[in-house]
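Working through the structure, step by step
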Amino acid sequence: MVKVAVMGYGTIGSGVVEILEKNKERIRKNSGEELEVKYVLDLREFEGDPIQKKIVHDYQVIVNDPEVRVVVETMGGVEPAYTFVKAMLEAGKHVTTSNKALVADKGAELIALAEEKNVNFLFEASVGGGIPIIRPLMSSITGDEIVEISGIVNGTTNYMLTKMTNEGLAFDEVLKEAQAKGYAEKDPTADVEGYDACRKIAILTSLVCGQQVNYEDIHTEGITTITKEDILYAKKMGRVVKLLAKSCLTENGYCALVAPFLISNDHPLYHVNDVFNAIFVKGNMLGDSMFYGSGAGKLPTASAVVGDIVDMVKHMNTHIVLRWDKEPVKLADYKQSESRFFVRTKASKQEISQLFGEVEFVDVDVLPDEIGFVTAPMSEAAYEQKAKELSDLLRMIRFN
């Protein structure tokens, strides 16, 4: 029997305990061992809940118990999660986490420590919730060079943009509804400003390039400036607005970006709506592939954590190799990447043509006091220079 400890009995932690209990026999058959939760670390008490008899408040109880071989971290944040996880690995225990902040910030270090101790540090649930993406990247398509990863990796913002598109609602209205339904936090900054998506694409890029990608180096824009008017233009063009996290291999290395994009109806990500996530992967041999499913939620995310637990039990005496060196990689300058740009402005068509040359004008009847247009392909740097000279610039959204 393998004893398990869970650190954090919130949404995901309680989901892990639930799955380990409800699917006990299935998990035993798949892992080859019976699993039992021995401890749950939390600051709170849970009187009346059967879990109370397993609650401990000091992580050292888990560190010092040789019976515990596998530890689950679902606390969130970098500290104290980092201190606790590091102590578990140093004690020779396998660790899985759903904590994207921890993995993005300390992933390389914790993987190296796990290798040194001949244990495993896995984190499938840190990107895409219940969508399997990290394990396929690290095992199924390791023979490929990954030339592009682009995805909808934040359920909150995807839900909000879907509602804005389908119901013509404003950002503030949709945010209140998302908060009421529990899809958005009381402080939604990490989601709506793109920080959550930024950490996830940093993790994926680190894995495919084999070096540390610092999320602070990734240009990140959120959806707070997207308006009903932007949605009207998108519909006129047969496109939808999606918050994408993108990483592409260029001649200067990987280039990463998080921002709203206008996606055409022939792209697989066009149809990914509500709280669902999808990650589009292009390999130099595989070609195009997409991973789709529930990107968040108690049981989908907990299911990914349990998948890691089973994998670690199968490799109890073997370190699963993950190439992610501590040395930071220098990302290519996103301003050198090319795109087409949709622009809203109150400038005249003559001024637009003088600055941008041949463009496609987009007219929306209910917005007679402004002009929308789409540029020819150009670099971000070239666009920025021209945009500085354009009078009355209202909005820019990139084409995917």
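Before reading further, recall that the structure is shown in the block above.
This write-up is about the structure you can find in this document. These figures come from a predicted structure and were not determined experimentally. (Residues numbered from 1 in each chain as written. Predicted model: local features only at pLDDT ≥ 70, side-chain atom pairs only at ≥ 80, totals over all residues. Heavy atoms only, no water.)

**A few points about the sheet that holds strand β6 (residues 121–122)**
Taking strand neighbours across the sheet as the criterion, the 6 strands line up as β3-β2-β1-β4-β5-β6 in an open arrangement whose pairing is parallel. Edge positions in the sheet fall to β3 (55–56) and β6, since each has one partner strand and no second. Where strand β5 (residues 94–97) and β6 come together, 2 bridges link them in parallel fashion. Its bridge partner lying in β6, Thr96 is registered against Leu122. Of the strands in this sheet, β1 (2–7), β2 (35–41), β4 (68–73), β5 and β6 are in contact with helix α12 (residues 298–314), which crosses β5 at around 160 degrees. (Pairing = 2+ DSSP bridges. Helix = DSSP H or I, 4+ residues; strand = E, 2+ residues; numbered from the N terminus. Contact = heavy atoms within 4.5 Å. Axes fitted to C-alpha atoms, helices over the stretch in contact; angles between N-to-C directions.)

**Things to note about the environment of Leu243**
Tracing the backbone shows Leu243 in strand β10 (residues 239–250). On the accessibility criterion, Leu243 (6% relative accessible area) is buried. For Leu243 and Ile131, which are 112 residues apart along the polypeptide, the C-alpha to C-alpha distance reads 18 Å. Among all residues touching Leu243, those that are not within four sequence positions of it are Gly151, Ile152, Thr157, Leu161, Asp191, Gly194, Glu221, Gly222, Ile223, Val258, Ala259 and Pro260. (Buried < 20%, exposed > 50% of the residue type's maximum accessible area, 1.4 Å probe, protein only.)

**Here's the deal with the pairing of β2**
Most of β2 sits inside the fold, with 5 of its 7 residues counted as buried. As judged from the 6 bridges shared by β1 and β2, these two strands associate in the parallel manner. Residue pairing for β2: Val4 is matched across the bridge by Val37. Pairing between β2 and β3: 2 bridges, direction parallel. Considered in β3, the bridge of Leu41 is made with Val56.

**With respect to the pairing of β4**
Residues in a regular strand point their side chains to alternate faces of the sheet. Taken across its 6 residues, β4 has 5 buried, putting it largely inside the fold. Relative to β4, β1 runs parallel, the two sharing 5 bridges. Paired with Lys3 across the two strands is Val68, which belongs to β4. Pairing geometry for β4 and β5, over 4 bridges, is parallel.

**As for the side chain of Asn158**
Along the chain, Asn158 falls in helix α7 (residues 155–167). Within the structure, Asn158 has its side chain in polar contact with the side chain of Lys242 (distance 3.3 Å). (Polar contact = N/O pair within 3.5 Å; in protein donor to acceptor, adjacent residues only side chain to side chain.)

**Some remarks on the packing of aromatic side chains**
Tallied over the full model, the rule gives 11 aromatic pairs. Clustering of aromatic rings is evident, with ring pairs tying together Phe341, Phe356, Phe361, Phe373 and Tyr383. The ring of Tyr82 has Lys106 sitting right over it, with the charged end atom 4.7 Å from the ring centre. (Phe/Tyr/Trp six-rings, centres within 6.5 Å; stacked < 30°, edge-to-face > 60°. Lys NZ or Arg CZ within 6 Å of the ring centre and 35° of its normal.)

**Comments concerning unusual backbone geometry**
Omega for the peptide link from Glu79 to Pro80 comes to 10 degrees, which places this bond in the cis form. Examined against the element boundaries, Pro80 turns out to sit in the loop between β4 and α4 (81–90). Phi is positive for Asn118, which is not a glycine, with a value near 60 degrees. Turning to its location among the elements, Asn118 is positioned in the loop between α5 (100–116) and β6. Even without a glycine there, the phi angle at Asp392 is positive, about 55 degrees. Note on placement: Asp392 falls in the loop between α14 (380–389) and β20 (393–399).

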